[in-house]
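# A structural walkthrough
Residue-level listing of the chains:
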Amino acid sequence: MFARHSNTAQMITVFLLSFCQVEAQHCVWYGECGESVKVPGKKYNCKYTGSPIPLQSEGYDLLTELCPGYDYGNRSLCCNVDQLRTLKGSLQLPLQFLSRCPACFFNLMNLFCELTCSPHQSQFMNATKVDNINVLEVQYYIGQTFSNAMYNACRDVQAPSSNVKALSLLCGKDAKDCNATNWIQYMFNIENGQTPFPIIPIFSDVPVSGYTPMNNKTYACTEGLEDGSGPCSCQDCTKACGPKPVPPPLPPPWTILGIDAMTVIMWISYIAFLTGGNVLRLIFSSWGSFCVRHPSVVLLGSLILVVASSGGLVYMRITTDPVDLWSAPTSQARQEKDYFDSHFGPFFRTVQLIITSPLQINFTYSPYFGGSDVPFGAVLDKDILHQVLDLQLDIEGLVATYEGQNVTLKDLCLAPLAPYNNNCTILSVLNYFQNSHAVLDHSIGDDFFVYADFHSHFLYCVSAPASLNDTTLLHDPCLGTFGGPVFPWLALGGYDETNYNNATALVITFPLNNYLNDTVKLGKALAWEKEFISFMKNYKNPNLTVAFSAERSIEDELDRESNSDIRTIVISYAIMFIYISLALGHIHSFNRVMVDSKISLGIAGILIVLSSVASSLGIFSYFGIPLTLIVIEVIPFLVLAVGVDNIFIIVQTYQRDERMPQEELHQQIGRILGDVAPSMFLSSFSETVAFFLGALSNMPAVRTFSLFAGLAVFIDFLLQISCFVSLLGLDAKRQEGNRLDIICCVKLPEGQEAKTESFLFRFFKKVYAPFILKEWVRPIIVAVFVGMLSFSIAVVNKVEIGLDQKLSMPDDSYVLDYFKNLTEYLHTGAPVYFVVEDGLNYSSPEGQNVVCGGVGCNNNSLVQQVYAASLISNYTTIAFTPSSWLDDYFDWVKPQSTCCRYYNNTGTFCNASVVNSSCVHCRPMTPSGKQRPEGDDFMRFLPMFLSDNPNVKCGKGGHAAYATAVDLHPNNTGVGATYFMTYHTILKESPDYIDALKMARILAENISQSMDHKVFAYRYVLFVFYVFYEQYLTIAYDTALNLSVSLASIFVVTTVLLGFELWSAVIVSLTIAMILVNMFGVMWLWNISLNAVSLVNLVMCCGISVEFCSHIVRAFSISVKKNRVERAEEALEVNTFFGITLTKFGGILILALSKSQIFQVFYFRMYLAIVLLGATHGLIFLPVLLSYIGPTVNKAKVFAANQRYAGTERERLLNY
């Protein structure tokens, strides 16, 4: 009919709409009636279609608080006082989380006030289901413009205590999946546990079915309200922030024509290069003669001194604590750690499992109520979850024994809500199911369909982990049994983006309390952790692969590694000892093997080396300086290298020497010592000075090594020129008397054979030296070595900095699997704490504004700066907005909230869950009462906030989140140090950790400057993060400083001891510098990173390189041959091939068999490189360099040599 009579239809439509608008001026409900069937404790509103009714006077205050827009005239409304009270109770959580942004909360209250009380209700509401007295369902027509504006004002509001956006807790899903429509639908959904009956929102900006949608005025988050409230802060309103901070651009790579500049420069340099002591002698001669003449005095004196020095070993302490190994007590990280521990207690201990499954059983979940199919990984199969829960419960039930007492997890675990809730904090996905098999099996369905089960509960909880009631038919809580949320990124691993259902790993973390000075409680924790490790090592389940670690694991494995390495070290040293004992002897014939051998002398030389090490360790132990594993493992190797070389030089010089006429044995050995001891003194003293200067390092591991090494090398030198010389004299007398080595009482018949030169000596003298010094060979050698140097300089800045902690573990350690899984599966970075030191006045507006992140706070406050850093997390490594106890306290104390109440008769705190008429609000509902608390008010209520446990009626209680974050002064007179926690982005490799530490410190420094108060960033947990990685901020500087100081000291000592021959000292220093630079080239090629261990080895390389170079340069400087080539040939006769080179090879090759990865990488590879580079530079490059630019003949030395050998056969050779 309307189609045929369009004009008539239009008139009727206009009439009906007009009639509806007139009729709309009435209520849909008024008052509360029957109890809700689906939501116990909530009531239906009463059916009422009459006119609005004036509000009772007792509801005026509530109306002013909740809906001030209706506070005029006779206040005729469609609600009574009971409905206002219900409205206030239902909006407590939104109030606590959203009121930090006034515009957001105003818009939200508008939505609910119009729904509950509007006198024009029927204009935009339709009661679709009613019974005799109750309204059972309504449709609520809401303007799309209003909905979008309300959502946009609230979308960025933060929930500081959980480092997420507030809508993640109020929308039933993650904030990124929340929008205006589904947020309002969730708030009006009966499944949320707050709405007593269905409210169906219908969104439109135009009239629908005769209803005009509610489209009230809204405020943007950048606008202030009429009551004087300011705009929302930048943290809660992105539009208020201004332009997003832009990270500074990365420095462009230094290139020339698009090629790495260092490579180009060194290639050009290389191509351009290719084209174009008498007093010491006399002193040592006299001393050597004395030692041979009075061996008993020298040996007894040496023994007494060694025993006295070694006596300090009874006080020896070995440090394996990673904190003491890598960070000096005066370092910034250690001072910050000590400050944190003293104000907030030591950081909790961590026991963690990472669980995967070898099963390939991916499955798909199809929601009953519609929606896309959801794939699930094997670890989220219900049978697997039950098995994991069994494991978790078994761990909870572990009982350890400490000093006769049983120790359980309950005695040690972190229970943030104790004593009200003593459940342990267990960060596990199974806490979504209350750690209960029954809850995991809970499902709702019938014989045909399953409407809700663990799948739907899991999907809800990963979106809203703090929820007390999921929106499925299960209505099970997501909040953990310990009273806090389990964030999915902490309990799951191996997923993509936020698709937690794709997780391939479960992460279970047990935080344990740590103890600073309580050895008994710490002992109990260590005992339980030991029991846990033992249990996990024996745990077997074919369906689960479990990687695990406890706080003590790293230190335990370091101890075990040091014990397992003893066997490798002993075998390595034994091989070197055997070689030394056999190689020292110069066998002339088979008949005289036991006469000419020097096994006993070799053993004595080795004992002298070990005595020097023991004396050094003992002397420093007297002074209470602890040892490290590096000292124990490296110093014997170093001293053996230096000591053996000197032993070979003394013995082989004696073996090649001919006694002069009328010269006695003691005179001959004295003369020989006068010849070689200055060179030994040059090398040993240079090394000692270099090592002692290396002790200036701030790195404890390097400093301790340098101290012990420097003293051990010098003591070794002193024992060699005294004790060993006396033993050499005794052995020479034995040999001249034809007595057998070792069995000295047995004597062979007389018959001394003429001395002959060894095969190796003849090879070096007759073949090797003349060959490398040929005219055509020398340029090739120089070209090759300069090429090696050029390459090493080009890659020196490409050597990676850091130490992969996996390398510090034995290769059969269970911790390696844990490290591997940690890198592969974990999706969250380490927590970082921004600590505000004591002294800031939080009771004043100025003190509050420099810290907080809400309305009225400074744009460069602490919270705002960390928030801004999180916006560019790929640069700053800061992942989230910080949790802010101060902002949450401001929300908690607001008079509109039910959180802050006290008993008016006692003044003590009254929890929001308590129903008692004597409980009154902390602050009055006045303009001043709505402001932030200041002065005495601030301190009066803060302890209440920090003791309040969160509950359904107050989610802002600070006990769980902030109990340890605020260090109150005695008697709660003020606030001391506090911290604000956030997280780093995912960190996997050493460079990531180093960059994170650097960026956090830069941010903390910026905050300190803007606040004019000290703030520092702190992080300490299983990996001693900042304490461990702090060294790498300055490792390049420390390396350059240590090696430069060592080279400078070697230059000065060499200059002085060579009679101020500057050019000789320059050549020695240049060659050692080349060896060190080439070491960096080897490190780059062999993937050896720069860290404390490799720095110790580089310092040692500097010392050993002196041995390779100094003897040859000194021999060249005192040679009186007619030209440089001949002098270089003569200098090669005093080579180090027999000493360091051959001795070390056997020992080094054994290190390759070590179970310790750190031995294989940093000792086998670096020691091999040190010996090879030292030998090639000392035996190939240095003689050639001397043949080109060696110092000229010193006429004074020629004259002294002529005087020394006057009247002997050598005089004729010298003159010739």
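What counts as what
- Residues numbered from 1 in each chain as written.
- Predicted model: local features only at pLDDT ≥ 70, side-chain atom pairs only at ≥ 80, totals over all residues.
- Heavy atoms only, no water.
- Helix = DSSP H or I, 4+ residues; strand = E, 2+ residues; numbered from the N terminus.
- Buried < 20%, exposed > 50% of the residue type's maximum accessible area, 1.4 Å probe, protein only.
- Areas by Shrake-Rupley, 256 points an atom, 1.4 Å probe, with all protein chains shown as cover.
- Core = buried A, V, L, I, M, F, W, Y, C linked by side-chain atoms within 4.5 Å.
- Contact = heavy atoms within 4.5 Å.
- Disulfide = S-S within 2.5 Å.
- Pairing = 2+ DSSP bridges.
- Axes fitted to C-alpha atoms, helices over the stretch in contact; angles between N-to-C directions.
- Bend = angle between axes of the 7 residues up to and from the residue.
- Polar contact = N/O pair within 3.5 Å; in protein donor to acceptor, adjacent residues only side chain to side chain.
- Phe/Tyr/Trp six-rings, centres within 6.5 Å; stacked < 30°, edge-to-face > 60°.
- Salt bridge = Lys/Arg side-chain N within 4 Å of Asp/Glu carboxyl O.

Secondary structure assignment for the chain yields 44 helices and 29 strands. Within the chain, the fraction of its 1216 residues that count as buried is 56%. When the accessible surface of the chain is split by element, carbon and sulfur atoms take 60% of a total near 50100 Å².

With that out of the way, let us pick up the nonpolar core. One finds Leu353, Trp528 and Phe532 to be the most contacted residues of the largest nonpolar core, which totals 136 residues. Once you skip the residues sitting within four places of it in the chain, Phe532 turns out to touch Val351, Leu353, Ile395, Leu398, Phe548, Ser549 and Ala550. Listed in part, the 133 residues of the second largest apolar core include Phe637, Val777, Tyr1029 and Met1079.

Before going further, it helps to spend a moment on the state of the cysteines. Counted under the stated rule, the structure contains 15 disulfides. Across the disulfide from Cys171 sits Cys178; the S-S distance is 2.1 Å. On the S-S bond that ties Cys171 to Cys178, the torsion sits near 90°, and the link is right-handed. Residue Cys171 is classed as buried on the basis of its relative accessible area, which comes to 1%. The disulfide partner of Cys221 is Cys237, and the gap between their sulfur atoms is 2.0 Å. Linking Cys221 and Cys237, the disulfide has an S-S dihedral of approximately 55° and is accordingly described as right-handed. Of this pair, Cys221 sits in the loop between β9 (199-203) and β10 (255-256) while Cys237 is found in the loop between β9 and β10, placing the two residues 16 residues apart along the sequence. Overall, the relative accessible area of 0% leaves Cys237 in the buried class. Between Cys723, a cysteine without a disulfide, and Cys291, which holds the nearest cysteine sulfur, the sulfur-to-sulfur distance is 8.9 Å.

What follows concerns the sheet that holds strand β28 (residues 975-983). Strands sit in the order β27-β28-β24-β29 across an open sheet of 4 strands; the sheet is antiparallel. The sheet is open, and its two borders are formed by β27 (966-968) and β29 (1015-1018), each paired with just one other strand. Along the sheet, successive strands turn relative to each other by an average axial angle of 20°, direction set aside. Pairing analysis gives 2 bridges linking β27 to β28, with the strands arranged antiparallel. Opposite Leu968, over in β28, you have Val975 as the bridge partner. Lying over the sheet, helix α13 (residues 332-344) contacts β24 (831-836), β27, β28 and β29, oriented at roughly 95° with respect to β29.

With that settled, consider helix α33 (residues 935-947). Helix geometry: α33 is bent most strongly at Phe941, by close to 25°, with proline Pro943 lying one to four residues after it. Every buried residue of α33 is listed here: Phe938, Met939, Phe941, Leu942, Met944, Phe945 and Leu946. The inward-facing, buried residues of α33 abut α29 (845-849), α32 (885-893), β25 (901-903), α34 (959-962), β27 and β28.

What follows is about the side chain of Asn435. Its place among the elements puts Asn435 in the loop between α15 (409-412) and α16 (437-441). A polar side-chain atom of Asn435 sits 2.9 Å from a polar atom in the side chain of Gln392. A polar atom in the side chain of Asn435 sits 3.3 Å from the side chain of Asn431. With residues up to four places along the chain from it excluded, the contact list for Asn435 reads Leu389, Gln392, Leu393, Ile426, Leu430 and Thr481.

Further remarks concern the packing of aromatic side chains. If you walk through the whole model with that rule in mind, you get 50 aromatic pairs. Both rings, one in Tyr44 and one in Phe197, keep their centres 6.2 Å apart while their planes meet at 35°; by these two values the pair is tilted. Placement of Tyr44 in strand β2 (residues 43-47) and of Phe197 in the loop between α8 (180-187) and β9 is noted, with a sequence separation of 153 residues between them. Taken as a pair, Tyr44 and Phe197 share a single burial class, namely buried. An angle of 10° between the planes, with centres 4.8 Å apart, marks the rings of Phe487 and Trp489 as stacked. Since its relative accessible area comes to 12%, Trp489 is described here as buried.

Another point: the pattern of salt bridges. Counting across every chain of the model gives 22 salt bridges. Across the pair Glu58 and Arg85 runs a salt bridge, and its minimum N-O distance is 3.4 Å. One end of the pair, Glu58, is in the loop between β3 (53-54) and α2 (60-66); the other, Arg85, is in helix α3 (residues 81-90), and 27 residues separate them in sequence. Residue classification places Glu58 among the exposed residues on the basis of a relative accessible area of 57%. Notably, a salt bridge pairs Asp888 with Lys956, separated by 2.4 Å at the nearest N-O pair. With Asp888 in helix α32 and Lys956 in the loop between α33 and α34, the pair connects residues that are 68 residues apart, well separated along the chain. The structure contains a network of salt bridges with shared partners spanning Asp888, Asp891, Lys894 and Lys956.

With that settled, consider unusual backbone geometry. In this structure, Pro419 follows Ala418 across a cis peptide bond, with omega equal to 5°. For Gln434, which is not a glycine, the phi torsion comes out positive at approximately 55°. Along the chain, Gln434 turns up in the loop between α15 and α16. Residue class for Gln434 comes out partly exposed when judged on its relative accessible area of 23%.

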